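Summary of structural features
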Amino acid sequence: MIIAEKKPLPEVLGMLEGSSEVLVLGCRSCTAICLVGGEREAMETCEALALHSEIKDKGWKVRSLTVERACEREFLTPLNGFKGTVVSMACGVGAQVVQEHCPDARVVPGVNTSNMGAPEGTGTFVERCAGCGDCILHLTAGICPIARCAKSLLNGPCGGSQNGRCEVSPDTPCAWDQIVKALERQGRLDLLDANIPPRDWRPSRNGGPRRIVNAEASPGDAQRRWREGE
Ligand code: SF4
Ligand code: SF4
């Protein structure tokens, strides 16, 4: 899932200067699971903005709304024609889709989008995938060296690992230490004999914005209809 954290309220307030109608938009997907952008957080932010407006006599008309997934336009019909300011509690993807759906609105981010990761205990989320576009998890015991090694080494460890911790941050496990131990458990240490060759990074972010076309998508697929402008 996509991991995000809340922006400090003063930063959000600074983005609202000149606004009159403000809609705080929550998303029930990733940012809700991260506990930063779901219905509850959208309502809390809405209350904080309304209070600020009242105290500072801003005259903002503030309300909140939470949709199933802000990154899919089929869930954004309640925003049709909206021309005020949207404080997006969705990730950066959702915020951009909302802006495309409401071209006359001003969409501002209420969260900082960080990475693709997974929960690791209550309220803790850790990066797991860098979206490199050419997955090699089959060579690394299911542990991503690109996202989880501080140096994104394809052939590790680097030599700085101590007691299973990364030399860059002792709070972080060394990904390559984990990979070697996992390969040993799986009886696949032979994989370490062959170096992983230099990568072709073109499928990664280096080639500019990526477009994935799923040829098996059904004709009724909402995203495809949207891309085709139906
Ligand atoms: S190898 Fe690439 S696609 Fe696979 S988990 Fe790592 S970053 Fe993600
Ligand atoms: S100590 Fe491990 S995780 Fe840290 S940079 Fe070196 S190989 Fe990567």
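Residues numbered from 1 in each chain as written. Chains lettered and ligands numbered in written order. Predicted model: local features only at pLDDT ≥ 70, side-chain atom pairs only at ≥ 80, totals over all residues.

Bringing the overall build of the protein chain into the picture now. For the protein chain, the count of helices and strands is 7 helices and 7 strands. Helices and strands in the protein chain line up, N terminus first, as β-α-β-α-α-β-β-α-β-β-β-α-α-α. The burial tally for the protein chain puts 30% of its 230 residues in the buried class. Within the protein chain, contacts between residues separated by at least 24 positions form 54% of all contacts whose residues are at least 6 apart in sequence. (Helix = DSSP H or I, 4+ residues; strand = E, 2+ residues; numbered from the N terminus. Buried ≥ 20, exposed ≤ 12 C-beta atoms within 10 Å, placed from the backbone. Contact = placed C-beta atoms within 7 Å.)

Along the chain, P8 turns up in the loop between β1 (2-6) and α1 (9-15). For P8, a count of 10 C-beta atoms within 10 Å gives the class exposed. Residues P8 and E41, 33 residues apart in the sequence, show an inter-C-alpha distance of 13 Å.

Each strand in a sheet pairs with its neighbour through backbone hydrogen bonds, running either in the same direction (parallel) or in the opposite one (antiparallel). Reading across from one edge, β3-β2-β4-β5 is the order of the 4 strands in this open sheet, with parallel pairing throughout. The two strands at the open ends of the sheet, each matched to only one other strand, are β3 (61-67) and β5 (106-109). The sheet shows a mean angle of 25° between the axes of neighbouring strands, direction not considered. Pairing between strand β2 (residues 21-27) and β3: 7 bridges, direction parallel. Each residue of the ladder has a partner; that of G26, found in β3, is T66. Sheet contacts for helix α3 (residues 39-56): β2, β3 and β4 (85-88); angle to β3, the most-contacted strand, approximately 175°. This element, helix α4 (residues 92-101), spans β2, β4 and β5 of the sheet and lies at about 175° to β5. (Pairing = 2+ DSSP bridges. Axes fitted to C-alpha atoms, helices over the stretch in contact; angles between N-to-C directions.)

On to α4, then. Three or more residues of α4 are buried, namely G94, A95, V97, V98 and H101. Projected down its long axis, α4 carries its buried residues within an arc of 165°, all on one side. Buried residues in α4 make contact with β2, β4 and β5. (Arc of directions from axis to C-beta.)

Among all positions in helix α6 (residues 175-185), only A175, W176, Q178, I179 and V180 are buried. Buried positions along α6 lie against α5 (145-148). Immediately beyond the C-terminal end of α6, within one or two residues, lies G187, with a positive phi of roughly 65°.

C129, A130, G131, C132, C135, I136, L137, C144, I146 and A147 make up every residue found near ligand 1. Of the residues that constitute the shell around ligand 1, the class distribution is 9 nonpolar, 1 polar and no charged. (Near = placed C-beta within 6 Å. Nonpolar A, V, L, I, M, F, W, Y, C, P; charged D, E, K, R; others polar.)

On to the environment of H52. Looking at the element boundaries, H52 is found in helix α3. For H52, a count of 17 C-beta atoms within 10 Å gives the class partly exposed. As for H52 and E167, which are separated by 115 residues in sequence, their C-alpha atoms are 45 Å apart.

Inspection of the secondary structure puts V107 in strand β5. Overall, the presence of 25 C-beta atoms within 10 Å leaves V107 in the buried class. For V107, the contacting residues outside a window of four places in its chain are V86, S88, A95, V98 and Q99.

Attention shifts here to the sheet that holds strand β7 (residues 125-129). Spatial ordering of the open sheet is given by β1-β6-β7, a layout of 3 strands whose pairing is antiparallel. Because the sheet does not close on itself, it has two edges, and the strands there are β1 and β7. Looking at each pair of strands side by side, their axes are set apart by 60° on average, direction ignored. Bridge analysis of β1 against strand β6 (residues 111-119) gives 5 bridges, and the strand direction is antiparallel. Looking at the pairing, I3 lines up with N115 of β6.

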